[in-house]
Amino acid sequence: MSTPDEARGLRLLVVDDEPAILDVLATSLRFLGYEVTEATTGRAALAAARAHDPHLVLLDVMLPDLDGFDVVRRLRQGGSTVPVVFLTARESGTDVVDGLDLGADDYITKPFRLAEVAARVRAVLRRGEGRSPEQVLRCADLEVDTATYEVRRAGRRVDLSPTEYRLLHHLLTHRGRVLTHEQLLEHVWDFGDGDPGVVKTYISYLRRKLDALGPPLIETRRGIGYILRDPGTP
């Protein structure tokens, strides 16, 4: 059993659309000393993950908008390495394998015992202690520290709005790849059928701030999207 001292300072995001299950899980984990944020939909989970930077996500597979697989897929595509434990009522081994292949760390089958949930959370968090994800993302003389959210170019600090930061982070984690307007809308703004003009506007904001300190890093692929790449590469 976890002690409050062991759990102190560790942030968990619990996602389930069944209020009774969500309440029991959140209350039990808070009792053990964890800081718990709750969400009832996939989109709310993605927003909470960005806002609270949890150490672990307990994620129901069946959600009313995006399912748990979509949530994990978008987290990983956005560069997040947060450990994820699925909560699933499905018995299919294929579902479990698919979830683990997407980057989930473990799964718990409903109905579950709270003691089992606590043990799985502790085990996954212990495994995560040895991880060393890429904290500083780089492209040419651009650096983004994902722990402090600090952006520098040529050694000089660049102040970005939260949306500008998310856009740059997504471009940087996929540096060297062309990202379409739809992909950027989906993973930065959480909707895939919005106005591409929104992307164009924020790209111009980023360029204005980054290009003032060095050669352009963001290229336009007309009619497709954008790519962030080192101008010194062929």
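Residues numbered from 1 in each chain as written. Predicted model: local features only at pLDDT ≥ 70, side-chain atom pairs only at ≥ 80, totals over all residues. Heavy atoms only, no water.

## Regarding the UniProt feature "modified residue: 4-aspartylphosphate" (unreviewed entry) in the protein
UniProt records the feature "modified residue: 4-aspartylphosphate" (unreviewed entry) at D60, using the numbering of this structure. Mapped onto the fold, D60 is located in strand β3 (residues 56-60). Note on D60: relative accessible area 3%, which makes it buried. Once residues within four sequence positions are removed from consideration, D60 is found in contact with V15, D16, D17, G68, L87 and K110. (UniProt positions renumbered as here; feature names shortened; annotations may be inferred. Helix = DSSP H or I, 4+ residues; strand = E, 2+ residues; numbered from the N terminus. Buried < 20%, exposed > 50% of the residue type's maximum accessible area, 1.4 Å probe, protein only. Contact = heavy atoms within 4.5 Å.)

## Examining the sheet that holds strand β2 (residues 35-39)
Pairing is parallel across the open sheet formed by five strands, whose spatial order is β2-β1-β3-β4-β5. At either end of the open sheet lies a strand with only one pairing partner, and these are β2 and β5 (106-109). Each adjacent strand pair in this sheet contributes to an overall mean axis angle of 20°, direction not counted. In this structure, β3 lies alongside strand β4 (residues 84-88), joined through four bridges in parallel fashion. Considered in β4, the bridge of D60 is made with L87. Contacts from helix α2 (residues 19-31) reach β1 (11-15), β2, β3 and β4 within the one sheet, and its direction differs from that of β2 by about 170°. (Pairing = 2+ DSSP bridges. Axes fitted to C-alpha atoms, helices over the stretch in contact; angles between N-to-C directions.)

## Brief notes about the pairing of strand β6 (residues 136-139)
The alternating pattern of β6 places L137 and C139 on a buried face, while none of V136 and R138, on the opposite face, is buried. As judged from the four bridges shared by β6 and strand β7 (residues 142-145), these two strands associate in the antiparallel manner. What sits directly across from V136, in β7, is D145. Between β6 and β7, which pair antiparallel one after the other, the connecting turn spans two residues, and A140 there sits at a positive phi close to 55°.

## Some words on the packing of helix α7 (residues 162-173) against helix α8 (residues 181-188)
At a closest axis distance of 10 Å, the pairing of α7 and α8 adopts a crossing angle of 125°. Taken together, the axis directions place α7 and α8 in an arrangement best described as oblique. As for how α7 packs across α8, the hand of that crossing is right-handed. Facing α7, whose interface residues are T163, R166, L167, H170 and L171, α8 presents L184, H187 and V188. Of the residues that constitute the contact of α7 with α8, the class distribution is four nonpolar, three polar and one charged. (Parallel < 35°, antiparallel > 145°, perpendicular 65-115°, else oblique. Left-handed = near helix turned anticlockwise from the far one by under 90°. Nonpolar A, V, L, I, M, F, W, Y, C, P; charged D, E, K, R; others polar.)

## Describing α8
Burial in α8 covers these residues: H181, L184, L185, H187 and V188. Tucked inside the fold, the buried residues of α8 contact α3 (42-52), α4 (68-77), α7, β10 (179-180), α9 (196-210) and β12 (225-228).

## Side note on the packing of aromatic side chains
A full pass over the atoms with the stated rule returns three aromatic pairs. On the numbers, 5.2 Å between centres and 65° between planes, the contact of Y149 with Y165 is edge-to-face. With Y149 in the loop between β7 and β8 (150-153) and Y165 in helix α7, this residue pair connects regions lying 16 residues apart in the sequence. With a centroid separation of 5.1 Å and 75° between ring planes, the pair formed by Y202 and Y205 is classed as edge-to-face. In this pair, Y202 and Y205 are both assigned in helix α9, three residues apart and thus about one turn of the helix distant. (Phe/Tyr/Trp six-rings, centres within 6.5 Å; stacked < 30°, edge-to-face > 60°.)

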